[in-house]
Amino acid sequence: MTSKRPQDDCGSTEIKKRKNKSSAEKTVGLCSVLEEQVKAEVTQAWSQKTHYCHGDLELACHPFPHCIIRNFIGEEDFVDNLQKELMGLNFNEKSNDLYKFKQSDDLKKRNEPHIRAIRSVLFQQFRPWLETMIGVELETTVDVSCAKYEYTDVLLCHDDELEGRRVAFILYLVPPWDSSDGGTLDLYKTDCNFQPKEISKTIVPTRNTLVIFEVSPVSFHQVSEVLSKDKCRLSLSGWFHGPSLERPPRYIEPPLTRTPHLPRDETLLMEWVNPVYLDISYQEHIQGEFEDSSEIQLKDFLKEEKFRQVNEALQLSQIQWTKKGPVNKRCYDVASLDNLPDCVYGCWELLHSEVFFLLLSNFTGLRLHYLCPSDDDDDDDEEEQKTKENVKGEEAGTSADETTSDNNGSAVESTPKCSGELRRWTHGSYTLLHDGEAARAEYALDLILPFRCADWDTEFGGFTSYVANEEDEELLTVYPEDNSLALVYRDRETLKFVKHINHKSFQASDVSGDRTFIDFSFVYYE
């Protein structure tokens, strides 16, 4: 029989404390290139923004300043033990518009000896060397966590900018790794508007390699999707804090062009739309459901023959597709309207037509047509309408009075408008939430009509998520479904993104290549 000795018995607790403290405060040997002579040379190269290489250290300044130090920890046993401690941590699933991976809690309070020691290495031994190199005094703040990237995990393009972050770092603890495994650190060059343009450099993770880079308005980078099914991309990462670099004014993208409806009559609806949705009593039923939840999906919306024609025509090579970016905001293909097959352009005309605006009014109760009943006597609705008009006026660079009055001061009805795209989604496509979208958010009706997505698996991504601004709360998810018309009304506090389409879609493709689907995406404004 055995018994447990109380922790305070015979001073065992004090012995354990001294042992842990000794392990944590052990001075870990670092890469031999971190010596005085090299420090002086690399400091000069950093200040002059020139390339420098010495042994296991490489400094590069394009597309933005970064440094790679291989064999960062001089003791392989320490690296092995550190990895074991990190793999024993609890990891939290992290998934939103920008990323999908597993992350530990902040490591600043962990007491495992090798985790404590690596904190000391980074923020006591290495930080003074880094301060000298970049010529900036850094704070003593410990900001470090552990990340695990496994199959299909990804961190999409972003610049890391947040108040106080000055230098980012990543210490890789990976098995033998190849570029075909994915998970590379990709650095982007930027255009004249400081927007990411294309990948300029790719860094393949290597065990015991430290990568650091200066956080700036142009430090756009990504962790490419992990393609290996049996390797784990383990790393320590965080930031050294200090004074932020000056940021130029943020680039404001021009919004999509909004146009009034096309003059088409009800024969267009009868030609295209499933007759069940043209029944007035059923439209009233749809409106009731929509007003309760602000969203609805109308299955089998187009006539079967029309849907089949468009579905087949969307495969034709005559359609010209262009990649739409920048990649810190979106990545998908958009079709040129100049050479669409007749039936595809016919579907575009339907969604843009006056009679369709009226149909949407009947479905939703929104004022998308002058024949839609008005609630002018309702004070709350008047106030809401005034708010919407103010938003529209601000975006157009005019006041609300200018948008609602003519030259004589008489009230003028606002004209419902829409903007639309024909989009193609394939492996690697996505959209991201971003500050510009949040600043211009307004009341609007979203329409999505998908094609060529039979048997699309939700695990592939490609679904549209609606979220509350500046919150993690997911309000609604719309999954791509053939011939299912999705209508979602959103307010100024609601944003949306399309989830990154991962490698599982590629694996599920046939011999012709990636799995893809296509949708019409329209936004209607009262």
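Residues numbered from 1 in each chain as written. Predicted model: local features only at pLDDT ≥ 70, side-chain atom pairs only at ≥ 80, totals over all residues. Heavy atoms only, no water.

Trainee: Explanation requested: the packing of aromatic side chains in the structure shown.
Mentor: The geometry of an aromatic ring pair is captured by the separation of the ring centres together with the interplanar angle, meaning the angle of the planes. The tally for this structure, following the rule as stated, stands at 27 aromatic pairs. An angle of 40° between the planes, with centres 6.5 Å apart, marks the rings of Phe356 and Tyr524 as tilted. One end of the pair, Phe356, is in helix H9 (residues 354-364); the other, Tyr524, is in strand S24 (residues 517-525), and 168 residues separate them in sequence. Neither residue differs from the other here; Phe356 and Tyr524 are each classed as buried. The interplanar angle of 75° and the centroid separation of 5.0 Å between the aromatic rings of Trp456 and Phe517 together place this pair among those described as edge-to-face. (Phe/Tyr/Trp six-rings, centres within 6.5 Å; stacked < 30°, edge-to-face > 60°. Helix = DSSP H or I, 4+ residues; strand = E, 2+ residues; numbered from the N terminus. Buried < 20%, exposed > 50% of the residue type's maximum accessible area, 1.4 Å probe, protein only.)

Trainee: Looking at this structure, how should I read a negative patch on the surface?
Mentor: Together, Glu470, Glu471, Asp472, Glu473, Asp491 and Glu493 give the surface a local cluster of negative charge. Along the chain, Glu473 turns up in the loop between strand S20 (464-468) and strand S21 (474-478). (Patch = residues over 30% accessible without salt bridge, like charges linked within 9 Å, V, L, I, M, F, W, Y side chains within 5 Å. Areas by Shrake-Rupley, 256 points an atom, 1.4 Å probe, with all protein chains shown as cover. Salt bridge = Lys/Arg side-chain N within 4 Å of Asp/Glu carboxyl O. Lys, Arg positive; Asp, Glu negative; His and termini not counted. Charge placed at Lys NZ, Arg CZ, Asp CG, Glu CD.)

Trainee: For this particular structure, what's the right way to read the pattern of salt bridges?
Mentor: When their charged atoms lie close together, side chains carrying opposite charge are able to pair. In the structure shown here, the tally under the stated rule is 30 salt bridges. Measuring nitrogen to oxygen at the nearest pair gives 3.3 Å for the salt bridge that ties Arg207 to Glu76. With Arg207 in the loop between strand S10 (196-203) and strand S11 (209-214) and Glu76 in helix H3 (residues 76-87), this residue pair connects regions lying 131 residues apart in the sequence. Between Glu150 and Lys102 there is a salt bridge, and its shortest N-O distance comes to 2.9 Å. With Glu150 in the loop between strand S6 (144-149) and strand S7 (154-158) and Lys102 in strand S5 (residues 99-103), this pair connects stretches of sequence that are 48 residues apart. The exposure class of Glu150 is partly exposed, given its relative accessible area of 27%.

Trainee: Is there a simple way to explain the packing of helix H6 (residues 280-293) against H9 in this structure?
Mentor: To characterise two packed helices, one gives the angle between the axes of the helices and the distance between these axes. Two elements in contact, H6 and H9, have axes separated by 6 Å at closest approach and are oriented at 60°. If you check the angle between H6 and H9, you find them oblique. Residues Gln283, Ile286, Gln287, Phe290 and Glu291 of H6 form the contact with H9, whose own contacting residues are Leu359, Ser361, Asn362, Phe363 and Thr364. A per-class count over the contact of H6 with H9 returns four nonpolar, five polar and one charged. (Axes fitted to C-alpha atoms, helices over the stretch in contact; angles between N-to-C directions. Parallel < 35°, antiparallel > 145°, perpendicular 65-115°, else oblique. Contact = heavy atoms within 4.5 Å. Nonpolar A, V, L, I, M, F, W, Y, C, P; charged D, E, K, R; others polar.)

Trainee: What exactly am I supposed to notice about the confidence of the model for the protein here?
Mentor: Low-pLDDT portions of the prediction should not be read for the details of their coordinates. Here the protein averages 88 in pLDDT, while 86% of its residues score no lower than 70. Segment residues 377-382: pLDDT under 50, and four contacts once partners within four positions in sequence are set aside and those in other chains are kept. (pLDDT = per-residue confidence, 0-100.)

Trainee: Can you walk me through the pairing of S20 in this structure?
Mentor: On any regular strand, side chains alternate: one points to one face of the sheet, the next to the other face. A large share of S20 lies buried, amounting to five of its five residues. Of the two faces of S20, both are covered, the one formed by Thr464, Tyr466 and Ala468 as well as the one formed by Ser465 and Val467. From the end of S20 to the start of S21, which pair antiparallel, there are five residues, and Glu470 there has a positive phi angle of about 65°. In this sheet, strand S23 (residues 494-498) lies alongside S20 in antiparallel orientation, the contact comprising five bridges. Bridge assignment links Val467 to a residue of S23, and that residue is Leu495. (Pairing = 2+ DSSP bridges.)

Trainee: What is the right way to look at the environment of Phe101 in this model?
Mentor: With respect to the helices, strands and loops of the structure, Phe101 is situated in strand S5. For Phe101, the residues in contact, after removing those within four places along its chain, are Asn92, Glu93, Lys94, Ala147, Lys148, Tyr149, Asp153 and Val154.

Trainee: Which parts of the structure should I look at to understand the state of the cysteines?
Mentor: Tallying each qualifying case throughout the model produces zero disulfides. Here Cys31 stays unpaired: no disulfide links it, and the sulfur of Cys67, its closest cysteine neighbor, is 9.7 Å away. Judged by relative accessible area, which is 5%, Cys31 ranks as buried. (Disulfide = S-S within 2.5 Å.)

Trainee: Can you walk me through H3 in this structure?
Mentor: An α-helix turns once every 3.6 residues. As a result, residues three or four positions apart point the same way. Its 12 residues place the ends of H3 17 Å apart at the C-alpha level, agreeing with the 16 Å of an ideal helix rising 1.5 Å per residue. Within H3, the full set of buried residues consists of Phe78, Val79, Leu82, Glu85 and Leu86. For H3, the arc enclosing every buried residue in end-on projection is 125°, short of the 170-degree limit, so these residues lie on one face. Exposed and facing more than 90 degrees away from the buried side of H3 are Asp77 and Lys84. (Expected span 1.5 Å × (residues − 1). Arc of directions from axis to C-beta.)

Trainee: For this particular structure, what's the right way to read the nonpolar core?
Mentor: One broad trend across soluble globular proteins is that nonpolar side chains are buried collectively. With 47 residues, the main nonpolar core has Phe72, Leu86 and Phe126 as its most contacted residues. When residues in this core are grouped by element, the largest group, 11 residues, is from helix H4 (residues 113-134). In this structure Phe72 touches Gly29, Leu30, Cys31, Leu34, Val121, Leu122, Phe126, Leu171, Asn208 and Leu210, once residues within four positions along its chain are discounted. Grouped together as the second largest cluster of nonpolar side chains are 46 residues, Leu314, Leu368, Leu445 and Leu487 included. (Core = buried A, V, L, I, M, F, W, Y, C linked by side-chain atoms within 4.5 Å.)

Trainee: Teacher, can you tell me more about the side chain of Thr184 here?
Mentor: Here Thr184 is to be found in the loop between strand S8 (165-172) and strand S9 (185-190). Among the residues examined, Thr184 registers a relative accessible area of 6% and is labelled buried. Engagement of the side chain of Thr184 in a polar contact is seen with the side chain of Ser224, the distance being 2.8 Å. Excluding anything up to four places from it in sequence, Thr184 contacts Ser179, Thr202, Ile203, Val204, Pro205, Gln222, Val223 and Ser224. (Polar contact = N/O pair within 3.5 Å; in protein donor to acceptor, adjacent residues only side chain to side chain.)

Trainee: Even after reading the chapter, I still don't get the packing of helix H8 (residues 342-352) against H9, so can you show me in this structure?
Mentor: Contact geometry of H8 with H9 gives a least axis separation of 5 Å together with a crossing angle of 55°. The orientation of H8 with respect to H9, classified from their angle, is oblique. Of the residues in H9, those touching H8 at Leu350, Leu351 and His352 are Glu354, Phe356 and Phe357. By residue class, the composition of the contact of H8 with H9 is four nonpolar, one polar and one charged.

Trainee: In this structure, what is going on with the sheet that holds S21? I would like to understand it.
Mentor: Two strands in a sheet stick together by hydrogen bonds in their backbones, pointing the same way (parallel) or opposite ways (antiparallel). Ordered in space as S21-S20-S23, the three strands form an open sheet in which the pairing is antiparallel. Strands at the two margins of the open sheet, each flanked by one partner only, are S21 and S23. Going from strand to strand, the sheet's axes swing by 20° on average, the running direction of each strand aside.

Trainee: Can you walk me through unusual backbone geometry in this structure?
Mentor: Backbone phi values are negative for most residues with the exception of glycine, while trans is the configuration of most peptide bonds. At the junction of His62 and Pro63, the peptide bond is cis and its omega measures out at 5° in the coordinates. Relative to the elements of secondary structure, Pro63 occurs in the loop between strand S2 (57-60) and strand S3 (66-69). Residues other than glycine seldom take positive phi values, yet Glu470 does so here, at roughly 65°. By the secondary structure assignment, Glu470 is in the loop between S20 and S21.

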